[in-house]
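Here are the chains, one letter per residue:
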There are 2 protein chains.
Amino acid sequence: MSPRIGLDLPTLVRATAQLADEKGLREVTLATVAKYLNIRSPSLYNHVDGLPGLRNELAIYGLEQLYSQLEAAVTISADSAKEPILAMAEAYVHFARTRPGLYEATLQAPDSQNERLIRWSNDTITLVARLLAPYELDELNLIHAVRGLRSLMHGFVAIEHAGGFGLPVNLNESFASVIEVYLAGLPRLKQQNE
Amino acid sequence: MSPRIGLDLPTLVRATAQLADEKGLREVTLATVAKYLNIRSPSLYNHVDGLPGLRNELAIYGLEQLYSQLEAAVTISADSAKEPILAMAEAYVHFARTRPGLYEATLQAPDSQNERLIRWSNDTITLVARLLAPYELDELNLIHAVRGLRSLMHGFVAIEHAGGFGLPVNLNESFASVIEVYLAGLPRLKQQNE
DNA sequence: TTCAAAAACTAATGATGTTAGTTTTATTAT
DNA sequence: ATAATAAAACTAACATCATTAGTTTTTGAA
C-alpha cells in the first residue's frame, strides 16, 4: 500500500522554489524542474497536477514561508505600535528580495480558491490586523488599513523587482518612509463619521 | 523604398493589447496574435523582434496609455491638494481594471532599459510629483512620497487582480481610504530633521 | 514469496517560438 | 508603361515544451 519512496511533494516544491529564485519564475517549467531533479518530466505528474498544479503548490509554499518569516520578525519587539509593524514590513521586503521567484509565485496561483492558499493568506492578514490593534480602528477601517499595508508592501517590492525605481535614492529609506507615512495617517480613520 | 503596407506596428500592438485584455496576458503568444490577425506567426518577425520584442512594445504602449489617462484625469479639478491626487489615483485603478492585460504588461517589460519605456515612466513619475507639490517636500522626501503613491496604487490593483482581497468590503472605499490615509501622513515628511 | 500500488519510465502528439529561404506585391525610378 | 527594389508575407523545418497513454520497475504489505 506504499511503494517506491522516491520524490515526495515537499522535496519537489522546495526544488521548484530554489529554481524559481535562481533562474526566475518564468524559467520554471516541468522540463527544467525535471532536469534539475534528474527525472523525466512525465514523472512529475505522479506528484502534481501538471504545471498549473506545480505553480499552485509553489504559491502555497511561498505563502507559508512568507507567513512564518513575518511571524518570526514580529515576536521580537513589542513596545510601540509602530516598531513591530516596521519589523514585519521589513521582513516582508527581505523575503521578497531573498526569494524573488518564490515571492512572485505567491500572487500568481492558478487556483486562487485553493483552501490551503486561502488559509495562509488569512493567517497573514490576521497577523497584520493584530499589529494594527493599537490604532483602535473599527472593523471596517481595520480592513481598509490592512489592505493599505498589504498594498504598500507588495507594490513596493513588485515595482522594485521590475526595476521601476530608477532614481539613485536608497530603497530601504524609501520603504521605511513609506510605511511610516502611512502609519502616521492612520489616526485619521478613528474620528471620522461619514 | 516602401512597399507592401499590410500590418504596421501600431496596429499589431493594439491588437495584442486587446487580446491581452480579453484572454489574459499569458494567452498572448505569437501564435494567438497571428491567428487573431489572420497571418502566419513568422510574419510577425517583420514588425517585432520575437515574443520578447512584442511584449516590450506592449509594455511601452501600456505606459503611454496609462500616462495619458492619468493626465486627462488630473486636469479636471485643481482646488485642494488632495482632490487631483485622488482623481489621478482613481484613473489609475480604472485603467488597471478596464485594461487588465495591458496594465499587467506595463510592469513586465523584457527590456526594462528601453528608452521609450523609461521616458513614459519618467513622465508618469513627473506627473505624480507635480501633484505632490502642495506638500512642499524637499527633493529626497518628494521621491519617497512618489514611490509611496506608486506602491500603493500598483499594490492595490495587483492584489485586487490576483483575487487577494477576499473580504466582502467595498474595494473603491478601501482604495480611497488607503490613498487618503497616506496623504494624511505626508505632512510628517516636512518637519523632521534626521 | 506473492501481489498490489505507486513511481518511474518510453513513446507519441500537439502547440509553441524561432530560423532560413522563397514568393508576392506595392512603390519608386527609369 | 515597365523594370527594379525592398518590405512583407509565405512555407518548411527544428527544438522545446506540456501532456497523455501505456509499460516497466520497485517497494511494502499480505
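Here, every reference points to the structure presented above.
Thresholds applied
Numbering of residues starts from 1 in every chain and runs along the sequence as written. As they are written, the chains are lettered A onward and the ligands numbered 1 onward, keeping that order. With the structure being a predicted model, the display of local features is reserved for residues of pLDDT at least 70 and the display and counting of side-chain atom pairs for 80 or more, all residues being used for whole-chain, interface and lining totals. Excluded from the side-chain calculation are hydrogens and water; included are all heavy atoms of the structure. Least squares is the method used to superpose the copies, on C-alpha atoms of residues holding a pLDDT of at least 70 in both. Residue contacts follow a heavy-atom distance rule, with two residues in contact if any of their heavy atoms lie within 4.5 Å. A run of H or I in DSSP counts as a helix once it spans at least four residues, and a run of E counts as a strand once it spans at least two, with each numbered from the N terminus. Here's how the labels work: a residue is buried when its accessible area is under 20% of the maximum for its type, exposed when over 50%, partly exposed in between, all with a 1.4 Å probe on protein chains only. Working definition of a nonpolar core: buried Ala, Val, Leu, Ile, Met, Phe, Trp, Tyr and Cys residues. They are joined through side-chain atoms within 4.5 Å. Angles here are taken between N-to-C directions and fall from 0 to 180 degrees, while the axes themselves are lines fitted to C-alpha atoms, restricted in helices to the stretch in contact. Convention used here: angles under 35 degrees read as roughly parallel, angles over 145 as roughly antiparallel, angles from 65 to 115 as roughly perpendicular, and any remaining angle as oblique. By definition, turning the near helix anticlockwise from the far helix through less than a right angle yields a left-handed crossing, and turning it clockwise yields a right-handed one. By convention in these notes, a salt bridge is any Lys or Arg side-chain nitrogen within 4 Å of a carboxyl oxygen on Asp or Glu.

S.K.: Can you walk me through the relation of the copies chain B and chain A in this structure?
M.R.: The relation between the two chain copies is a rotation about an axis coupled with a shift along that axis. Rotating chain B by 180 degrees and translating it 0.0 Å along the rotation axis places it on chain A, where the RMSD comes to 0.0 Å. On the angle and the small slide along the axis, the relation comes out as a two-fold axis. Looking at chain B, 100% of its interface residues are interface residues in chain A too, so the copies touch through the same face.

S.K.: What should I look at first to understand the environment of L127 of chain B in this one?
M.R.: Residues and elements named next belong to chain B. Mapping L127 onto the fold places it in helix α6 (residues 115-131). A relative accessible area of 1% places L127 in the buried class. C-alpha separation for the pair L127 and Y67, spaced 60 residues apart in sequence, amounts to 8.5 Å. What L127 contacts, discounting residues up to four positions off in sequence, is Y67, L70, E71 and V74.

S.K.: I keep staring at the side chain of S177 of chain A and nothing clicks. Help me out?
M.R.: Checked against the element boundaries, S177 of chain A lands in helix α8 (residues 171-185). Overall, the relative accessible area of 9% leaves S177 of chain A in the buried class. In contact with S177 of chain A, not counting residues within four places along its chain, are H144 and L189 of chain B.

S.K.: Can you walk me through the nonpolar core in this structure?
M.R.: Grouped burial of nonpolar side chains is what soluble globular proteins tend to show. Within the largest apolar cluster, 118 residues are counted, with the highest numbers of intra-cluster contacts made by L132, I179 and L186 of chain A together with L132, I179 and L186 of chain B. Not counting chain neighbours up to four residues away, the residues in contact with L132 of chain A comprise I85, L142, A145, V146, L149, L183 and L186 of chain A.

S.K.: Is there a simple way to think about the packing of helix α4 (residues 82-98) of chain B against helix α7 (residues 139-161) of chain B in this case?
M.R.: Angle between the axes and distance between the axes: these two values describe a pair of packed helices. All names here are of chain B. One way to put it is that α4 packs onto α7 with a least axis distance of 10 Å and a crossing angle of 30 degrees. Of the possible angle classes, the one that applies to α4 and α7 is roughly parallel. Crossing angle aside, the handedness with which α4 passes α7 is right-handed. Across the interface between the two elements, I85, M88, A89, Y92, V93, A96 and R97 from α4 touch L149, M153, H154, F156, V157 and E160 from α7.

S.K.: How should I be thinking about the pattern of salt bridges in this particular structure?
M.R.: Close approach of charged atoms lets side chains of opposite charge pair. All names here are of chain B. All chains considered together, the criterion is met by 14 salt bridges over all chains. For E57, the salt bridge is made with R116, and the minimal N-O distance between the two is 2.8 Å. Here E57 is found in helix α3 (residues 50-74), whereas its partner R116 is found in helix α6, with 59 residues between them in sequence. Assessed through its relative accessible area of 35%, R116 is described here as partly exposed.

Taken by themselves, the reported measurements are silent on function.
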